[in-house]
Structures are given as structure tokens and as C-alpha cells.
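So you can see what is in the structure, the chains are spelled out below.
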Amino acid sequence: MSYSVDIDRKWQKKWEETGLYKFDPDKDGEKLYCLEMFSYPSGANLHLGHWYNYSLTDSWSRMKRMQGYNVFHPMGFDAFGLPAENYAIKTGIHPQDSTMKNIATMEKQLKEMGATFDWDYEIATCTPEYYKWNQWLFIKLYEKGLAYRKNAPVNWCPQCKTVLANEQVVDGKCERCDSEVVRKNMTQWFFKITEYAQELLDCLPDLDWPEKTKKIQTNWIGRSEGSQVAFTVEKDGQILKDDSGNDLKLEVFTTRADTFMGVTYVVVAPESELCSKLTTDECREAVEEYKVMTSKASDIDRMSTTREKTGVFTGSYAIHPLNGRKVPIWAADYVIAAYGTGVVMAVPSHDERDFEFATKYGLDIIRVVQSEKGVEDELPYCEKKGYLVNSGEFDGMEMHEAIDAIVGKLNTMGMGEKKVNYRLRDWLISRQRYWGTPIPMIHCEKCGIVPVPEKDLPVLLPYDVEFNPDGESPLAKCASFINCKCPKCGGDAKRDPDTMDTFVDSSWYEFRYVDNKNNDAIFDKDKVKKLCPVDKYVGGPEHAAMHLLYSRFICKAMRDMGLVDFDEPFTSLVHQGIILGPDGNRMSKSRGNTVAPDEYVMKYGSDVFRTYLAFGFAYTEGGPWNEDGLQAIVKFIRRVEKLAEDAASIDKIPFDRASLSKEDKDLDYVLNYTIKSASADIDRFQFNTSIARMMELINAIGKYQQSGNVNDAMLRHAVETLILLLSPFAPHLAEELWCEKLGNGYSVFDQKWPVFDEKALVKDELELPVQINGKLAFKIYVPVDSDQDAVEAAVRSDERLPEALAGRNIMKFIYVKGRICNVVAK
RNA sequence: GCGGGCGUGGCGGAAUGGCAGACGCAGCAGACUCAAAAUCUGCCGACCUUAAAUCGUGCGGGUUCAAGUCCCGCCGCCCGCACCA
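Keep in mind the model is a prediction, meaning the values are calculated, not measured. Counting restarts for each chain, with residues numbered from 1 along the sequence as it is written. Think of it this way: whatever chain is written first is A, whatever ligand is written first is 1, and the rest follow in order. Local features in this predicted model are restricted to residues whose pLDDT is 70 or higher, and side-chain atom pairs enter the listing and the counts only when it is 80 or higher, whereas totals over whole chains, interfaces and linings include all residues. Hydrogens are left out, water is left out, and the side-chain values use all remaining heavy atoms of the structure.

**Student:** Just to check I follow, could you spell out the overall build of chain A for this structure?
**Tutor:** Strands are runs of DSSP state E lasting at least 2 residues, helices are runs of H or I lasting at least 4, and numbering of each runs from the N terminus. The number of helices and strands found in chain A is 26 helices and 34 strands. The C-alpha extent of chain A, read off along each of the three principal axes, is 105 × 85 × 50 Å. Looking at chain A as a whole, 54% of its 826 residues qualify as buried. Sequence-distant contacts in chain A: of pairs separated by 6 or more residues, those separated by 24 or more amount to 72%. Under the convention used here, a 1.4 Å probe and the Shrake-Rupley method define accessible areas, while residue burial counts only the protein chains that appear. Split by element, the accessible area of chain A, about 37100 Å² in all, is 49% carbon and sulfur. For the charge count, each Lys or Arg is scored as positive and each Asp or Glu as negative, with His and the chain ends excluded. Positions of charges follow a simple convention, taking NZ of Lys, CZ of Arg, CG of Asp or CD of Glu. The average position of the 103 basic charges and that of the 127 acidic charges among the side chains of chain A differ by 0 Å. Three exposure classes are used, based on accessible area relative to the maximum for each residue type with a 1.4 Å probe and protein chains only: buried under 20%, partly exposed in between, and exposed over 50%. Should any heavy atoms of two residues lie within 4.5 Å, those residues are considered in contact.

This is the structure in C-alpha cells:
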């Protein structure tokens, strides 16, 4: 029976019946937790990207299994989220129904892929068994002060009438309907990820992750070293006081404290609370008008660096702590309320933005830094080097020295200190959506915010809810859900109407897999301790600054709660590339360039499809789909089957390496080289080259068969080794050939992975390229252990040398052992 | 604007500073065949009738005995961040 989808079905059935992939945590072998990012069941079918991710990571873990690791390889579904809800709005099919149906289909397809998942460990985040612990985690974070509520501006899509996550805003537009997103203030739940900003940065260097991904996280966290300095404020001729009656300190963050004596005005973000406090009655009308104007500006406008800067005077003045100068305080939306203190000191002479603003509004510009002493640079001069002028006692100082001196002086006055700021903001996790985990909090008029007691978890997501978007949380309109009793006082109270960002669900799922049926705890600490962290995590690079950051944060928070005993959830990370349509563009239904894996799998079988995905692309790069490549794999598989056929007619004779002919030795060399390089390539996720090595092995076996000097034991040994090497990519075929064709015992996946013999890789003679001035001239054969003198002698006496030298004289002779020699001639 | 990555035959793609183009696809030629398919064998960067020579990893410089690989300056494409003070 030659390979087809029928072979797939046959072995899938057998694997299931015999429980081949059942995971036993107590089995021998070093533990290895191999995990793909779980899938989102938005469509009914697995798409090509799923196949590319899952089938090849499965190949990797199959090799690891055969190498003796006790591999934990679970699968599940990230089942909450907006697409299912939108689908429901469009079709009237309830998200729960469509999601469960999609999950069932995808499970079936994943089984048809022939992957090693142990389905006993499956999770789906939309089940109460899972989201109960999502709620439990929320409450723990709340108790730890890591979950809190505040009023903040959010992304609002006027078309979809809902807030959007940051990642759902692409270039200021809603990723689904393409309408411009506006800002809106709402009271929301946040997770305090900023508390871990420094540690999230510090742990990055030790992670075996792509450098690019680490860089994205580094930039996203955005550590900035500077100083926080303070001004007092004069409003209506009076020094402004704070709530406790002391002089109000208007604090600003700056990385350029050296330019402090050049401050000619101060800018406050119009939406910050300070702005109203600073505005005088005289200026209030203009400032309020300006606030309205800027709040109308879309994020697209606001983000544009080319937009002309606007602003309005607040009427108040900041008093410079070192020279006593009174400088005006302006409100302008080029200052970001959420970064630093939301207030900025403006130095037009040494900052492009301030220069533009000062020029427009006729504000003073004072030079305080020169690139070289006495040089009048063109303003604004923004280089971070130079010497101070017009700065009183600091004149002549080098700028870095000046920063220390200025901040030092301010510090003695209680008006400044060194400070580190981060770009990272706290994680907004509230969503005004239906299809998510309900936030387990109760709002009581008497008692305030009260967490749902653990015994009352989970807070179930009701089924019958009107979830058409109208701007209000769907759960708020569900009376049976929203009305409840306060757990503290027993009076009437209301539940929080929002659900959690689905990134919360996926920020700890890797731990739940390990103990997915636990009804008493989020997971058993010892079980997680035994299997986690994840040793190899594979998924798309698009999660670099989202899921991969959130998960790291939650892991650290859990560690500080005593739930886990390690710092990082994913020790080693690989990103697969993206498979493009045949036209080289991203696949999309609107372009009509999508490739449906099912059709190919039905036609060619899972193994052909898997092996093609392995061979046709550099794994981390991806690339355009090309149908022709599949035919190449069909041919390749046919050749393997033919060889198995040939080997099957040979009785099992023990293979003896002691008595080998020249032909045997040549094949043995190729065989061992293949084992060595194919294994190393699979290990590094370089599947394309590992398959190439196997193709070379097939070519070598073909030549061997034609040599007329075939040692049966050698041939069978070579073919069996080939089948073992190929088995991770073509598991069904390998099982068929191994068990049925060659009559070996079930299962091929219980065999040991081939180990290469170093001795077989040692050759007697070495082929050595000889270069003249770096260009290949000819090749010589020398004994492997030849030293430089012997090689040089061989080259000098070679009859081809005079012609290659063409009259030039040998100046120098270079021999790189075992690799190359180069004759320098003139 | 800032940061990162990439650029190699007709195509997918290989190359720890050491023989550029592994492996495969497509193409060409041959064997088998009445014929075709399948299979097998050989050729397959450019220039050139052939050989030899020469040129050749986006462009221009440099380091080195030796550069696709390292350094500097450009061009093009992709990705991330974007008034972060």
C-alpha cells in the first residue's frame, strides 16, 4: 500500500487506541515542555499558518521524544474574544455555539495533522472551569495591589461602539471597520505591569529569544534616565499652594537637566488635572476652548509629528528655582499626559519641538549649550554634547558634569533628583464586551468595591444577553447578572459589567495545561514546578510586545505570590515566518490568494503536506506558497517507499561496521554525516536543510545500489536510519514503513533517535582546495593528519602549480587545517 | 524622524571570514518506450560556437592572505515605535 491519506487515518486510529501520545509526568527522561501559542477558534478550519506552526513544532517535539525526553506537548483554545461576538452580531449565532463548534472542527483537524498532542490536557478559555481561575487570579492581583481602577482615556471606535485594545488600533484606525479611533475617558481596571518594568527589562538578556523580539520589548518598556525637577507656581500674583497648604511643586521630567538655565516656559498637557488648577479665571475660557479642540483631534492627527504645534497660555507662571525667573505656563497637546508628570520644561534653544513652539508664539529663546566653547551653533542645537553658557555658576561645564551639578544643587533645595522613567503604561484590561471573562467585582453603595468571595466563583457569563453594540457593556443590560447582593453588607449591589481583555486569559494558560482538571486551585504548585517553565515556545512574532510581555509580567506576579518558583515563563522562543499567497502577498480572502490546507491534505496526505512545509521555506522567514514544491515531496516520499521496498526483501542481518568495503565506507560516511547534520538542523528549527540532508542520503543510497557491491546489512541499516530521521516529518509514512513494510515492532516513535558515529566521519584522505591569491586554482588530496609543511610540499610539487602561478613568485603560504590553503604570489 | 531586519541564479532557498549557488523546482539533453507518463542518467549564474580566461551575492568604498559574511557611506523593501521631553 503506497502512501495516501488512508495511511494517515490508519495510524491515527492506532495511535489513539494505544494511547501512544499519553503524557506521563512520572515517566523516565528529562522533562521537556514544548508549546505552540494556542489557537483562536474564529474560523471553522485550520489555516495554513496553523499547519506551519503546529505540524513543524510537532516534528521538533517528536525528535525530542525519540531522543529520550519526556515531552509535554498540550493544545487548547484561546476561545474568548471579539471576532466570535461580531460573527454573532452578523449571523445571529451565539458566540458560545459557534466557538464550541469551531473548537470541535479544529480538534478533528489537528488530529488529522497527526500531531502528538495529549488531548487529556486540553483547555478552552471560555469554559467556566478555566475562567473561574482567571477571576481568581484577578482577585489575587487586586489583593496584592496589582489590579486597580482609574479613570483614563481609552480607544473608542464610534462605528463598533466599543473600546478597543491598543493592539486593535492600527495607525489610529479600528482594525476591523477602518474608522478613526477617538479618545474617551472611562473608569477602567488596570494591571500594574509598570511595577515590574525594570525586572522585565533586566531578565531579557538571559532569555533564549530572538534578539529582535527582545529589542521590541526593550523599546516598548522604554527606560529613560533623567531627572525630575520642580518649579513653584505663581497664579494671580500668589504662590500656589497644594492641598496641605505647602507651596505647590510643579514637577517635570527631563533628560537634559544641563539645559535647565535655558528654560523659558513650561508646558502642561491640556487633559491633565493640573491644567485646570493652573489656569487663571482670566484665561479659563481660552483654555477650556483649547481642551475641547484637542480632545476632538483624532489620534491620527495627534500622532503626526508634522502637525503644527498649538497651545494656549494658562495665565500662571513657573518660578525658576535657580535664577528666580518667572516663565509662562502653557497648555499644549504636544505634551503627553500619561508620560512622566505630564508637564515639561521647555528649552527652545536645544529642543526642536520647543523651538518650533517658541518661534510660533514669540517666547524667549536662550542659548545655554555650545558644541565647543565660544561657538555660536545654529539654534536649535540638539546634540547631546557641549559646554554650558549663560548658566551663571555652571558656565563652562561639560554638559554631563553640568547635569550632576545642577541636579545636585536642586537636590539640596528639595527641588530635584535623578529619576528613571518608563514608556510602559499599566495594562488596561476592562472591555465593554460580552464574550469574555466577567470581572469578579461587586460595586456596593455602602461598601464600595468588593471582590466576589472565592467560594462564589466562577461568576458565570450568562447565555441570554443582548450583545448588539450600543456603547454600553452588554452585561450591564442583563438584569439577572448585574443585580446582586453585596458579600459584605448583604445589601443591593451591582456586578462589574465589564469583561477582561482576552490577553489576561492567555497570560497564564501555560501553567493551567499542567493541571487542567484541578477544581480546587488554579494549579498544583508541585506539578507546575516539575514541568514549567516552558522549554520551547513557538508562535508568531506579532505577539512580541503584547502576549509575550503580559505573560512575563503575570509569571513574575505569580512568583511574588508564591505560586511559581521561577522568573520567566518561556525559556526559549522561536517565531515561525509567514506563508504568503502564491502572488507573494499576505493571504486574504479579499485578495483571493488563500491556500486551503484541507484540499491538499486530502489529496496528498498529511505527511506530504508537513514535509513540504518543512522543506519549502526557511522556517523563521516563511515565504510565498508554491504548489510545485508539493510534487517534489511526492517524488521524495516515493523514493523512500521504493528504498523501504528494497530493504524489506533483505533478512535482518546484524550490521557490522568492522568489515566494510570502500563503497560501504562511503555510504557509512554520508549516513553518519546525515544523522549529525539533520539532527542539529531540526534542533535549530532549520527544517529545510535537514530534509536536504536526507535527500542527499537517498541519492547516496541510490548510487550505492548501482555500485554493484551491495552489502545487504549495510543497505538495510541505511534505509532504517533514513526512516527514523524522516519520521518526525512524515509520522504516518514512517510508521507504515517501519512496522508493516520492514516488520519492525510498533511504534517507530518508541525507537531511539539515531546517533552518529564519530569514527565513521573520519576520512583517510582530505580533498583540499588550493587558492592563488584567494582564487581557486586546483585541488589536492593529502592524508588527513598532514601538517602545514607536508601540505606546502605537496602543493609546491604539484605539476599544475607553475601554470597557475603564471610566472609569479610565491610570497607566502597559508594553510588552514583541514579547510583550505592559499598561496600568496606576486 | 528613531530602532531593527532583509537584499544571493528563471524560482524556493544553502553557505562556523576559507571551493558562492548545497538540496529541490523549472528548463535542456540522453536512456527505457510504438508513443506518452512515470522512472533513471547527465547538463543547468553571466559572457562565449566551444574551451580557457574574465565577471558575478542591491550600489560605492575599506579591513584581510581570503568578504555573501566584518567596518563605513548610499539605494530599495519589510517590520516595530513614533511629539516619551
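**Student:** What should I look at first to understand the packing of helix H3 (residues 82-91) against helix H4 (residues 95-113) in this one?
**Tutor:** Two packed helices can be described by the angle between their axes and the distance between those axes. Only the stretch in contact is used when a helix axis is fitted, and all axes are lines through C-alpha atoms; the angle between N-to-C directions ranges over 0 to 180 degrees. Axis separation between H3 and H4 bottoms out at 9 Å; the angle between their running directions is 120°. Compared by their axis directions, H3 and H4 come out oblique. The hand of the H3/H4 crossing is right-handed. Taking contact as the criterion, the partners of Ala84, Glu85, Tyr87 and Ala88 in H3 are, on H4, Pro95, Ser98 and Thr99. Residue composition of the contact of H3 with H4, by class: 4 nonpolar, 2 polar and 1 charged. Relative orientations are named as follows: roughly parallel for angles under 35 degrees, roughly antiparallel for angles over 145 degrees, roughly perpendicular for angles from 65 to 115 degrees, and oblique for any other angle. Should the near helix be turned counterclockwise from the far one by less than a right angle, the crossing is left-handed, whereas a clockwise turn marks it as right-handed. When residues are grouped by polarity, Ala, Val, Leu, Ile, Met, Phe, Trp, Tyr, Cys and Pro land in nonpolar, Asp, Glu, Lys and Arg in charged, and all others, Gly among them, in polar.

**Student:** Looking at this model, I keep getting lost on the sheet that holds strand E9 (residues 182-191). Mind explaining?
**Tutor:** Backbone-to-backbone hydrogen bonds join strands into a sheet, with any given pair of strands oriented parallel or antiparallel. A sheet is described by the order of its strands in space; here 4 strands give the open sequence E6-E5-E9-E20, paired in antiparallel fashion. At either margin of the open sheet sits one strand with a lone partner, and together these are strand E6 (162-164) and strand E20 (427-428). Between any two strands, at least two bridges found by DSSP are needed for them to pair. Pairing analysis gives 10 bridges linking strand E5 (residues 147-157) to E9, with the strands arranged antiparallel. Considered in E9, the bridge of Arg149 is made with Trp189. Helix-sheet contacts for helix H5 (residues 128-143) involve E5 and E9, and the interaxial angle to E9 is about 85°.

**Student:** Would you mind showing me how to read the side chain of Gln135 here?
**Tutor:** Within the secondary structure, Gln135 is located in helix H5. Two N or O atoms form a polar contact when they lie within 3.5 Å of each other; inside protein one atom must be a possible hydrogen donor and the other a possible acceptor, and for residues adjacent in sequence the pair counts only when both atoms belong to side chains. A distance of 2.8 Å separates the side chain of Gln135 from the backbone nitrogen of Val459, its partner in a polar contact. Once residues lying within four places of it in the same chain are set aside, the contact partners of Gln135 are Thr437, Pro438, Pro440, Leu457, Pro458, Val459 and Met500.

**Student:** Even after reading the chapter, I still don't get the nonpolar core, so can you show me in this structure?
**Tutor:** Within soluble globular proteins, side chains that are nonpolar tend to cluster in buried spots. The set of buried Ala, Val, Leu, Ile, Met, Phe, Trp, Tyr and Cys residues whose side-chain atoms join them within 4.5 Å is what this entry labels a nonpolar core. Counting residues in each nonpolar core, the largest one holds 174 residues, and the members touching the most others are Trp427, Phe511, Met558, Leu613 and Trp625. Residues in contact with Trp427, not counting those within four places in the same chain, are Trp189, Phe190, Phe191, Ile193, Asp501, Phe503, Val504, Ser507, Tyr550, Phe553 and Ile554. Core analysis: the next-biggest nonpolar cluster, separate from the first, contains 51 residues, Val267, Cys275, Val327 and Phe394 among them.

**Student:** What is the right way to read the packing of aromatic side chains from this model?
**Tutor:** Two descriptors summarise a pair of aromatic rings, namely the distance from one centre to the other and the angle between the planes of the rings. For Phe, Tyr and Trp, where Trp contributes only its six-membered ring, two rings pair if their centres lie within 6.5 Å, and the inter-plane angle classes them as stacked under 30 degrees, edge-to-face over 60, or tilted in between. Applying the stated criterion across every chain yields a total of 53 aromatic pairs. Relative to Trp136, the ring of Trp133 lies with its centre 5.8 Å away and its plane at 65°, an arrangement referred to as edge-to-face. Of this pair, Trp133 and Trp136 both sit in helix H5, 3 residues apart, which is roughly one turn of that helix. Judged by its relative accessible area of 12%, Trp136 falls in the buried class. Our definition puts a charge over a ring when NZ of Lys or CZ of Arg is within 6 Å of the ring centre and also within 35 degrees of the ring normal. Taking the ring centre of Phe190 as reference, the NZ or CZ of Lys150 above it sits at 4.6 Å.

**Student:** Even after reading the chapter, I still don't get the protein's contact with RNA strand B, so can you show me in this structure?
**Tutor:** Nearness is defined per residue: one heavy atom within 4 Å of the molecule or strand is enough. In the neighbourhood of RNA strand B, 52 residues make up the surrounding shell, with Thr255, Lys309, Tyr339, Arg353 and Gly616 lying closest. Within 4 Å of the protein, the atoms of RNA strand B are drawn from sugar and phosphate moieties in a proportion of 57%. One nitrogen or oxygen atom from the side chain of Lys779 is found 2.6 Å from a base oxygen belonging to RNA strand B. Ranked by residue count, the leading element in the surface near RNA strand B is helix H22 (residues 687-706), at 8 residues. For the surface near RNA strand B, the residue count by class is 19 nonpolar, 15 polar and 18 charged.

**Student:** Is there a simple way to think about the pattern of salt bridges in this case?
**Tutor:** Side-chain pairing between opposite charges can occur once the charged atoms of the two side chains come close. In the sections that follow, a salt bridge refers to a side-chain nitrogen of Lys or Arg positioned within 4 Å of a carboxyl oxygen of Asp or Glu. Applying the stated rule across the entire model yields 48 salt bridges. Between Arg353 and Asp351 there is a salt bridge, and its shortest N-O distance comes to 2.7 Å. Among the salt bridges present, the one from Arg559 reaches Asp560, with a minimum N-O distance of 3.0 Å. Classification of Asp560 as partly exposed rests on a relative accessible area of 41%. Linked through salt bridges whose partners overlap, the residues forming this network are Glu199, Arg552, Lys556, Arg559, Asp560, Asp567 and Glu568.

**Student:** What's the story with the environment of Leu201 in this structure? I'm lost.
**Tutor:** Locating Leu201 in the fold gives a position in helix H6 (residues 197-202). With relative accessibility at 14%, the residue Leu201 sits in the buried group. Sequence separation between Leu201 and Arg223 is 22 residues, and the spatial gap between their C-alpha atoms is 8.5 Å. Among residues more than four places away in sequence, those in contact with Leu201 are Thr218, Ile221, Arg223 and Tyr422.

**Student:** Any chance you could explain the packing of helix H2 (residues 48-66) against helix H19 (residues 606-616) here in plain terms?
**Tutor:** Closest axis-to-axis distance for the H2/H19 pair is 10 Å, and the angle between their directions is 90°. Our classification of the angle between H2 and H19 gives roughly perpendicular. Between H2 and H19, the residues in contact are Leu48, Trp51, Tyr52, Ser55, Leu56, Asp58, Ser59 and Arg62 and Ser606, Phe609, Arg610, Leu613 and Ala614, respectively.

**Student:** Teacher, can you tell me more about helix H18 (residues 597-604) here?
**Tutor:** An α-helical segment advances 3.6 residues per turn. Residues three or four places apart therefore align on the same side. Every buried residue belonging to H18 is among Pro597, Tyr600, Val601 and Tyr604, and all of these are buried. For H18, the angular spread of buried residues about the axis comes to 100°, placing them on one side. Those residues of H18 that are exposed and aimed more than 90 degrees away from the buried face are Glu599, Met602 and Lys603. Packed against the buried residues of H18 are helix H1 (5-18), H2, H19 and helix H20 (628-648). Just past H18, the residue Gly605 takes up positive phi, approximately 100°. Taking the helix axis as origin, the arc is that swept by the directions to the C-beta atoms.

Function-wise, these values are silent; they only describe arrangement.
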